[in-house]
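# Summary of structural features
Okay, here's what each chain looks like letter by letter:
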Amino acid sequence: MAGLTTFVTMGYIIFVNPNIMSATGMDQGALFVATCIGAAVACFLMGLYANWPVGLAPGMGLNAFFTYTVVLEMGHTWQVALGAVFISGVLFVILSFYKIREWLLNSIPMSMKFAMTAGVGLFLGLIGLKTAGIVVDNQATLLSMGTFLEPSTLLAAVCFLMIAVLSYHNVFGSVFISILVVTFLGWGLDLVVYNGIFSAPPSVAPTFMQMDIMGALDVGMIGVILAFLFVNMFDTAGTLMGVATKANLIRPDGYIENLSKALKADSSSSVIGTFFGCPPVTSYVESASGVAAGGRTGLTAIVVGLLFLASMFLAPLAGMIPAYATAGALIYVAMLMMTGMKQINWDDMTDAIPAIITVIMMPLTFSIANGIAMGFVTYTALKLFSGRREEISLSIWVLTALFIAKFIFL
């Protein structure tokens, strides 16, 4: 039951991820299967090796960064983008198997960690609003309001509001239900073509082992690789800590059972996912719903993995899900990701200002990497010239130097 609960709350990714990443030119059927397989393998690894009740799948926000920034804006091929994900995943594994990941997590300020997650959320929200047609481009003002007289725009708004209301009432699988209901409404308005529900899984061959690692070993990809690495690292750290607390995996002395194994399983999943064509695979905070339903062991994660494998036979249904339905889900997930802003120390401007810059520059530059870079450079400058140099850790100095070099030379 815990595994089923977790799957239903995070299952929207099997519809949303292919919709987002197919904009790069990747085969949507292959992406659908890759999403299911990548998630399943990661869940099995987490359940069998770490014995944690955590579901994993391609990360929201990172898939949008992959598509809209790395491929569509920067002009890299999706194969090179996958190569960058692979390299960041290898680095992630190295950081996890040694104590470097723990050192980085402890030395980077909490305000910047929360800001990165919130910034990714705002970036994701802008993509959702743009996809829905709620926000449109404008030559005079850059952006303006779309029209709700357009059926797809109205349905996207309905999907968002439905998710929010159902979630407030703790309805089981609110995101999943809302996407399906809006798709059904679209079908009733002749906006969706019915293609059936079940079929044999499409071939994953168009995306399998297609990453261009050599193409990603370019100085221009440093910022991209670091963005994939740090957003994934901080996002998963927060998720794992939250689930560990809810599952009572933290002993009175502060020791967390099998944390090292969970970190290794989580980081290894990002590497494995690229073999099939996935963006970074990450732990899902929705796993907390399964824990609330009684999940305490890796059996929960294994059940989630089995359900992802079973979902491969729903390819026709996944192909019918329109972009405006997933846009409503994107907007809602974005709101959840931004709640961490409340953890920022707003009374200290040397913490608050870099956090704000990180958050707003991600959507305004349409780049997670640029937002992170500008936030860290601002943080270092404010602490240094405010006479608080002792608050700048070695890792912050190193990252700031890398980001300044990025702005100068790239």
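First, a word on what this report is: a plain description of the structure on this page.

## Concerning the pattern of salt bridges
A complete count under the given rule lists five salt bridges for this structure. A salt bridge links D351 to K383; the nearest nitrogen and oxygen atoms lie 3.2 Å apart. A residue pair is termed long-range when its members are at least 10 positions apart, and D351 in helix α17 (residues 349-364) and K383 in helix α18 (residues 368-385) qualify at 32 residues. The same class applies to D351 as to K383, namely buried. Through salt bridges with shared partners, a single ionic network connects D348, D351, K383, R388 and E391.

## A closer look at the packing of aromatic side chains
One pass over the structure, following the stated rule, counts ten aromatic pairs. On the basis of an interplanar angle of 50 degrees and a centroid distance of 5.7 Å, the ring pair of F208 and F276 is categorised as tilted. With a gap of 68 residues between them, F208 in the loop between α9 (174-188) and α10 (213-216) and F276 in helix α12 (residues 259-276) connect regions that are remote in the sequence. A relative accessible area of 15% places F276 in the buried class. Cluster of aromatic residues (ring-pair linked, three or more members): Y68, F123 and F366. The aromatic ring of Y49 is capped on one face by K261, whose charged end is 5.4 Å from the ring centroid.

## With respect to the nonpolar core
Residues F66, I179 and F308 are the most contacted members of the largest nonpolar core, which totals 124 residues. Among the elements that line this core, the one with the most residues is helix α11 (residues 222-246), at 13 residues. In this view, F308 contacts F7, M10, I13, I14, C36, A39, A40, C43, L56 and A57; residues no more than four positions away in its chain are not counted. Residues A115, M341, I344 and V359 belong to the second largest nonpolar core, which totals six residues.

## Quick look at helix α8 (residues 151-168)
Since there are 3.6 residues in each turn of an α-helix, residues three or four apart along the chain are aligned in direction. Taking 1.5 Å as the rise per residue, α8 with 18 residues should run 26 Å; its terminal C-alpha atoms sit 26 Å apart, in good agreement. Inspection of α8 places T153, L155, A156, A157, C159, I163 and S167 among the buried residues, and these make up the whole buried set. Lining the buried residues of α8 we find α7 (110-132), α9 and α16 (323-337).

## Description of the environment of V171
Along the polypeptide, V171 turns up in the loop between α8 and α9. The class of V171 is partly exposed, set by a relative accessible area of 33%. Along the backbone, V171 and T9 are 162 residues apart, and their C-alpha atoms lie at a distance of 9.9 Å. Apart from residues lying up to four places away in sequence, V171 is in contact with L166 and I177.

## Points about the packing of helix α3 (residues 28-50) against α12
Each pair of packed helices can be summarised by the angle the axes make with each other and by the distance between the axes. Where α3 meets α12, the closest approach of the two axes is 9 Å, and the angle between their N-to-C directions is 155 degrees. Of the possible angle classes, the one that applies to α3 and α12 is roughly antiparallel. The two elements α3 and α12 meet at a crossing, and its hand is right-handed. For the pair α3 and α12, contact is made by A34, I37, V41, A42, L45, M46, Y49 and A50 and by K261, A262, K264, A265, D266, S268, S269, I272 and F276, respectively. For the contact of α3 with α12, a count of residues per class yields twelve nonpolar, two polar and three charged.

## Here we look at the pairing of strand β3 (residues 142-145)
In terms of strand pairing, strand β2 (residues 135-138) meets β3 through four bridges, oriented antiparallel. By the bridge assignment for β3, V136 is matched with S144. Taken together, β2 and the strand that follows it, β3, pair antiparallel across an intervening segment of three residues.

## Some points on the side chain of S270
With respect to the secondary-structure elements, S270 resides in helix α12. Ignoring anything within four residues of it in the chain, the contact list for S270 reads V85, G89, F92, N232, P280 and V281.

## What to know about the state of the cysteines
Under the defined criterion, the tally for this structure stands at zero disulfides. The thiol of C278 is unpaired, and the distance to the nearest cysteine sulfur, on C36, comes to 9.1 Å. Overall, the relative accessible area of 1% leaves C278 in the buried class.

## Let's talk about unusual backbone geometry
Even without glycine at this site, L142 takes up a positive phi of about 75 degrees. Within the element layout of this structure, L142 appears in strand β3. Phi is positive for N170, which is not a glycine, with a value near 55 degrees. Along the chain, N170 falls in the loop between α8 and α9. For N170, a relative accessible area of 71% corresponds to the exposed category.

Rules behind the numbers
- Residues numbered from 1 in each chain as written.
- Predicted model: local features only at pLDDT ≥ 70, side-chain atom pairs only at ≥ 80, totals over all residues.
- Heavy atoms only, no water.
- Salt bridge = Lys/Arg side-chain N within 4 Å of Asp/Glu carboxyl O.
- Helix = DSSP H or I, 4+ residues; strand = E, 2+ residues; numbered from the N terminus.
- Buried < 20%, exposed > 50% of the residue type's maximum accessible area, 1.4 Å probe, protein only.
- Phe/Tyr/Trp six-rings, centres within 6.5 Å; stacked < 30°, edge-to-face > 60°.
- Lys NZ or Arg CZ within 6 Å of the ring centre and 35° of its normal.
- Core = buried A, V, L, I, M, F, W, Y, C linked by side-chain atoms within 4.5 Å.
- Contact = heavy atoms within 4.5 Å.
- Expected span 1.5 Å × (residues − 1).
- Axes fitted to C-alpha atoms, helices over the stretch in contact; angles between N-to-C directions.
- Parallel < 35°, antiparallel > 145°, perpendicular 65-115°, else oblique.
- Left-handed = near helix turned anticlockwise from the far one by under 90°.
- Nonpolar A, V, L, I, M, F, W, Y, C, P; charged D, E, K, R; others polar.
- Pairing = 2+ DSSP bridges.
- Disulfide = S-S within 2.5 Å.

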